Amino acid sequence: MARVLGMLSLLLALTLAASGCGGSKKSDKADSGEVGPANISIWTPFVDPELKTFKAVVADFEKAHPGIHVKVVGGTNDDKIVAAIRGGNAPDVAQSFSSDNTGAFCPSGAWIDLGPYMEKDGVDDSIFPEAPRDYSKFEGTRCALPMLADTYGLYYNKTLLAKAGYKNPPKTISQLTAMAKKLTQRDSSGKLKVVGFNPFPSWYENVPAHFAPSWGATWMDGDKSALNTPAWADHLRWQKSLIDWYGYDNLVRFNAGAGDEFSESNAFETGKVAMHMDGEWRVAFIKREAPKLSYGTAPFPVADDKQDLYGAGYVTGSIIGIPKTSKHKDQAWLLARYLGANANALAKLSNGIQNVPTTTASLKSPLLKPLPGFQTFLDVFGNANTTTTPITRIGAANQETFQSFVSKYLSGSKKDLEGGLAGVDKQIDAQLKQAQAGQAP
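Since we're looking at a predicted model, the values are computed, not measured. (Residues numbered from 1 in each chain as written. Predicted model: local features only at pLDDT ≥ 70, side-chain atom pairs only at ≥ 80, totals over all residues. Heavy atoms only, no water.)

> Give a detailed account of helix 15 (residues 375–382), specifying residues and quantitative values.
Within the sequence span of helix 15, burial applies to T376, F377, L378, V380 and F381. If you follow the buried residues of helix 15, they end up packed against helix 6 (130–135), strand 4 (145–157), strand 9 (273–279), helix 12 (282–289), strand 10 (295–298) and strand 11 (315–321). (Buried < 20%, exposed > 50% of the residue type's maximum accessible area, 1.4 Å probe, protein only. Helix = DSSP H or I, 4+ residues; strand = E, 2+ residues; numbered from the N terminus. Contact = heavy atoms within 4.5 Å.)

Now the structure itself:
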């Protein structure tokens, strides 16, 4: 489950009438498994080989709940889920890879409020660390449970670092910058052969959200966009300074010749990049595609004046909920609770899919068998300072609007940083206002 950005206009325009959770007194018996038999369905974006693991864990659920039979449909997406809800033929349980869309699923009533079920079963959302707890609810309504997370950190090539005289990865941005420059290799013509750290906007996982925790940068002030801050300005000045050191056009040429992020020619896996921001899933990719690569993982470095934040990072993830049209809500809740709150189920999913499990207990489950390098991401996920992007009615539209400006500033086509940030805030505030009024921006 890698990064998913992109605002779904269908979700923004969603006008489904709000609905209650549809729970009955049967849900009082949910904990003891005394809900009646039913055939239910779940839609997930996973495809093989991850889908195989998902189905195996669902099979465990069926064994624990005789009489409830689950049809698993893989390869779905949020557009299909919303269309199915509108058509009255949605699954009983749905998984989305984009927690950004919690802000559309919850207020529209497309996914039911799970609060009553949680209260009856004694499931408190304190079982989740703060970040996933936040990205699976909106304005007090919990219409989803987090289910597996993507957590970001630093990957570094031990061989290249050792040749440059480094024994340890950087912990601060100034250390990262100095090491990036020393680790960079050019040929006789000046062409980049090895990049110490690639700061180019949208290079693989280089989006503002993933960098934000290192500067303590935030997105909102109440219900208004708040990007015009010293933290964001400091981050962008650093990023542009390093881009300018490499040469913007030089990085463009390097990127054109580097491999696709999700392929065996990935630039970090082939030794073309010495240090690299990436998610926990890269551990499994490396095991499969570059097993001889000598590498390490660490929390991403932090701004020199924010060293108390070291060890934290950015997290996002998938969410699981019950569409309002489900005809078997009590049984659907049992499945959603099993996949989203059962520590051992989450550990098994993590082992097979290589995403971070999303409850505090699952991080310590004896069934969890992390690959080498994966523990870093478990630690980052559990860090109290780890953050996520706030859930809004416009999904990822604020991130995309910001990214558009960032790309222009880092290329040099936009010069006025503070003025540009103020302008982005105005654009996002307008989008939020339109969404609040029920209009797609």
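> Lay out the packing of aromatic side chains with the relevant residues and their values.
Across all of its chains, the model carries 25 aromatic pairs by this definition. The rings of Y152, F262, W281, F285 and Y314 are connected pair by pair, giving a single aromatic cluster. Directly above the ring of W245 sits R186, whose terminal nitrogen or CZ lies 5.2 Å from the centroid. Directly above the ring of F285 sits R282, whose terminal nitrogen or CZ lies 4.7 Å from the centroid. (Phe/Tyr/Trp six-rings, centres within 6.5 Å; stacked < 30°, edge-to-face > 60°. Lys NZ or Arg CZ within 6 Å of the ring centre and 35° of its normal.)

> Account for the state of the cysteines, with residues named and values stated.
Linking two cysteines covalently via their sulfur atoms produces the bond known as a disulfide. Counted according to the given criterion, the structure contains 1 disulfide. Each sulfur of the disulfide joining C106 and C143 lies 2.1 Å from the other. Residues C106 and C143 are joined by a disulfide whose S-S torsion is about -90 degrees; by sign, that bridge is left-handed. Placement of C106 in helix 4 (residues 102–108) and of C143 in the loop between helix 6 and strand 4 is noted, with a sequence separation of 37 residues between them. Each member of the pair, C106 as well as C143, is classed as buried. (Disulfide = S-S within 2.5 Å.)

> Explain the nonpolar core to me, and be specific about the residues and the numbers.
Residues F197, M275 and F402 are the most contacted members of the largest nonpolar core, which totals 60 residues. The element best represented in this core is helix 10 (residues 230–246), accounting for 8 residues. Setting aside residues no more than four positions away along its own chain, M275 makes contact with L154, Y155, Y156, L161, P170, L176, M179, A180, L183, G196, F197 and N198. Core analysis: the next-biggest nonpolar cluster, separate from the first, contains 37 residues, A110, F138, A144 and Y155 among them. (Core = buried A, V, L, I, M, F, W, Y, C linked by side-chain atoms within 4.5 Å.)

> Could you give an account of the pairing of strand 6 (residues 192–197), with specific residues and numbers?
Most of strand 6 sits inside the fold, with 5 of its 6 residues counted as buried. Direction of pairing for strand 5 (residues 185–186) relative to strand 6: antiparallel, over a ladder of 2 bridges. Paired with R186 across the two strands is L192, which belongs to strand 6. As consecutive antiparallel partners, strand 5 and strand 6 are separated by 5 residues, and within that stretch G190 has a phi angle of approximately 95 degrees, a positive value. (Pairing = 2+ DSSP bridges.)

> If you had to explain unusual backbone geometry to someone new, which residues and values would you point to?
Trans is the common state for peptide bonds, and a negative phi is the common state for residues other than glycine. A cis amide bond links D48 to the next residue, P49, at an omega of 10 degrees. Residue position: P49 is located in the loop between strand 1 (38–43) and helix 2 (50–64). The residue L148 is not glycine, and still its phi comes out positive at about 80 degrees. Relative to the helices and strands, L148 is located in strand 4. Since its relative accessible area comes to 0%, L148 is described here as buried.

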